[in-house]
There are 2 protein chains.
Amino acid sequence: MSKKGCLVIISGFSGAGKGTVVRELTTRYDNYALSISATTRAPRQGEENGREYFFKTREEFEELIRQDALYEYAQYVSNFYGTPKAYVQQQLDAGKDVILEIEVQGALNVKAKNPEALLLFVTPPSAQELKRRLIGRGTETLEVINERMARASEEALLMDRYDYLIINDKLEECTETIHQLVQREHLRMSANLDMVEKIKKELEEMKGE
Amino acid sequence: MSKKGCLVIISGFSGAGKGTVVRELTTRYDNYALSISATTRAPRQGEENGREYFFKTREEFEELIRQDALYEYAQYVSNFYGTPKAYVQQQLDAGKDVILEIEVQGALNVKAKNPEALLLFVTPPSAQELKRRLIGRGTETLEVINERMARASEEALLMDRYDYLIINDKLEECTETIHQLVQREHLRMSANLDMVEKIKKELEEMKGE
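Parameters and conventions
Residues numbered from 1 in each chain as written. Chains lettered and ligands numbered in written order. Predicted model: local features only at pLDDT ≥ 70, side-chain atom pairs only at ≥ 80, totals over all residues. Heavy atoms only, no water. Axes fitted to C-alpha atoms, helices over the stretch in contact; angles between N-to-C directions. Helix = DSSP H or I, 4+ residues; strand = E, 2+ residues; numbered from the N terminus. Parallel < 35°, antiparallel > 145°, perpendicular 65-115°, else oblique. Contact = heavy atoms within 4.5 Å. Nonpolar A, V, L, I, M, F, W, Y, C, P; charged D, E, K, R; others polar. Pairing = 2+ DSSP bridges. Salt bridge = Lys/Arg side-chain N within 4 Å of Asp/Glu carboxyl O. Buried < 20%, exposed > 50% of the residue type's maximum accessible area, 1.4 Å probe, protein only. Buried area = accessible area lost by both parts, 1.4 Å probe. Polar contact = N/O pair within 3.5 Å; in protein donor to acceptor, adjacent residues only side chain to side chain. Least-squares fit on C-alpha atoms with pLDDT ≥ 70 in both.

Turning our attention to the packing of helix 8 (residues 193-206) of chain A against helix 5 (residues 127-136) of chain B. Running from amino to carboxyl end, helix 8 of chain A crosses helix 5 of chain B at an angle of 55°, the nearest separation of the two axes being 8 Å. One element, helix 8 of chain A, and the other, helix 5 of chain B, form an angle in the oblique class. Mapping the contact onto sequence places Glu202, Leu203 and Met206 of chain A in helix 8 of chain A and Ala127, Gln128, Leu130 and Lys131 of chain B in helix 5 of chain B. Residues of the contact of helix 8 of chain A with helix 5 of chain B, tallied by class, amount to four nonpolar, one polar and two charged.

Laid out in structure tokens, this is it:
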């Protein structure tokens, strides 16, 4: 079984419960590491550099872009957000399965550069259930809920580019399903070419016996 | 979750324990069906048409080839052996995961025509262990064992074309690993495009609300 970690990209509609599932995965199992984003926005009270975010100046962030040191980046309002490669690679090399919870377009950009990444799309069982969950939160205005539903409609157009579809009906089940998927990923032939080489070599050597 | 079955192709060195694992899978779980080969050889005592094999005359077999009704076929000694598509498709449509236990070249031929097939390569943890198992059977002459080791050496050259590498160290574990891999296959995006369409449609319809 491959000892290098697997890059797991999780996307899904706002309200699908991705955040809860990811928290559950990292709480239950110690093989996961969360990717940490870089941002140019100022740290808020209690936030620590290298924990919530890597806080960067605009110049530092632009330097990361120039060096191709980010898997993907985007601008929201006047701030940049991106995924530094170095931290993810370091965790993968240490054998951690790294979870990247990002939106659809960013996810597809990362996958394009890293075909071995596991692309998971999390959805509630139906659009009706998605709306129910958004309303159930009780924190969003109807306007925001309708915006999110409209955004879901756009994101749905790219769903079929993902590797697996995960239906988040029950948290427990959904968490286990994702965990198993990630564990099985370590059995991929492409992650075990050293084992293949070992066996080929042994078989060659035994020919003389 | 997709209701259509998954085509699972299992190959591996002679002595890797494929047969035992496949028997264990079909005994423990009722979602599996074994593919049944067609052959031109005569039925032996106790063999039944449609159970061990589909017994065919030479003319019937050649007709199957002409109609492209076989996934793959090969000639051993003076008899033909092949995998009829119709039976496999019938089982897949009925929701069964169909196991095809075939040798490497045949497996790659089937995969070329069916990219969605799951290609599993089963191996003992080492070449030494493979030889120990072949000797341990106590039924093979040293000459036959050496022939099998030489054949393993050839098959190993194509191992890396498989989707997953399954190390058969303990039967129980190996069986469960394969079962999990097959179950996860039902979550593949390509197997769930109807669910994607359903959600897209629902989201579109809710836009007016």
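Additional details are given in the paragraphs that follow.
Take the sheet that holds strand 5 (residues 70-76) of chain A next. All names here are of chain A. If you trace the four strands from one edge of the open sheet to the other, you get 4-3-6-5, paired in mixed fashion. The strands lining the two open edges of the sheet, one partner per strand, are strand 4 (53-55) and strand 5. Averaged over all pairs of adjacent strands, the angle between strand axes in this sheet comes to 25°, irrespective of strand direction. Of the strands in this sheet, strand 3 (37-39), strand 4, strand 5 and strand 6 (79-84) are in contact with helix 2 (residues 58-66), which crosses strand 5 at around 135°. In the packing of helix 3 (residues 85-93) onto the sheet, contacts are made with strand 4, strand 5 and strand 6, and the angle to strand 6 comes to roughly 25°.

Residues and elements named next belong to chain A. Counted by the stated rule, this structure contains 38 salt bridges over all chains. Its salt-bridge partner being Arg51, residue Glu52 comes within 3.1 Å of it at the nearest N-O pair. With relative accessibility at 30%, the residue Glu52 sits in the partly exposed group. Since its relative accessible area comes to 45%, Arg51 is described here as partly exposed. Residue Glu205 is joined to Lys201 by a salt bridge in which the shortest nitrogen-to-oxygen separation is 3.5 Å. Note that Glu205 and Lys201 are positioned in helix 8 at a spacing of four residues, about one turn of the helix. Accessibility expressed as a relative area gives 55% for Lys201, which makes it exposed.

Now for the pairing of strand 1 (residues 7-12) of chain A. All names here are of chain A. Most of strand 1 is tucked away, with six of its six residues classed as buried. Across the two faces of strand 1 the burial is the same, with Leu7, Ile9 and Ser11 and Val8, Ile10 and Gly12 all buried. The pairing of strand 1 with strand 8 (residues 118-123) spans five bridges and is parallel. In the sheet register, Ile10 faces strand 8, and the bridge partner there is Leu120.

For the rest of this paragraph, the subject is unusual backbone geometry. Excluding glycine, residues mostly have negative phi values, and the peptide bonds linking residues are mostly trans. Of note in this structure, Val77 of chain A is not a glycine but carries a positive phi near 50°. Considering the arrangement of structural elements, one finds Val77 of chain A in the loop between strand 5 and strand 6. What makes Val77 of chain A exposed here is its relative accessible area of 83%. You will see that Asp68 of chain B, though not glycine, has its phi angle at about 55°, which is positive. Its place among the elements puts Asp68 of chain B in the loop between helix 2 (58-66) and strand 5 (70-76).

Right, let's talk about the interface of chain A and chain B for a bit. Each partner contributes residues to the interface: chain A has 44 residues there, and chain B has 44 residues. Across the interface of chain A and chain B, roughly 3800 Å² is buried in total on both sides, 67% from carbon and sulfur atoms. Looking only at chain A, the three residues that lose the most surface to chain B are Leu165, Met189 and Leu203 of chain A, adding up to 17% of its buried area. Our enumeration of links across chain A and chain B arrives at zero salt bridges. At the junction of chain A with chain B, the criterion picks out twelve residue pairs in polar contact (both at pLDDT 80 or more). Sorting the residues of the side of chain A that touches chain B by element identifies strand 8, helix 5 (127-136), helix 6 (142-156), strand 9 (164-167), helix 7 (171-185) and helix 8 of chain A as the ones contributing at least two each. Examining the composition of the side of chain A that touches chain B, we find that ten residues originate from one element, helix 8 of chain A, more than from any other. Partitioned by chemical class, the residues of the side of chain A that touches chain B number 25 nonpolar, seven polar and twelve charged.

Another point: the environment of Ser14 of chain A. All names here are of chain A. Relative to the helices and strands, Ser14 is located in the loop between strand 1 and helix 1 (18-28). It is 18 Å that separates the C-alpha atoms of Ser14 and Arg161, two residues lying 147 residues apart in sequence. If near-sequence neighbours (up to four positions away) are discounted, Ser14 is found in contact with Leu130, Leu134, Arg137 and Arg148.

What follows deals with the relation of the copies chain A and chain B. In summary, the two copies of the chain are related to each other by a rotation about an axis coupled with a shift along it. Screw-axis analysis of chain A against chain B gives a translation of 0.0 Å along the axis, an RMSD of 0.0 Å, and a rotation angle of 180°. This pairing of chains is accounted for by a two-fold axis. Both copies present the same face, since 100% of the interface residues in chain A are matched by interface residues at the equivalent positions in chain B.

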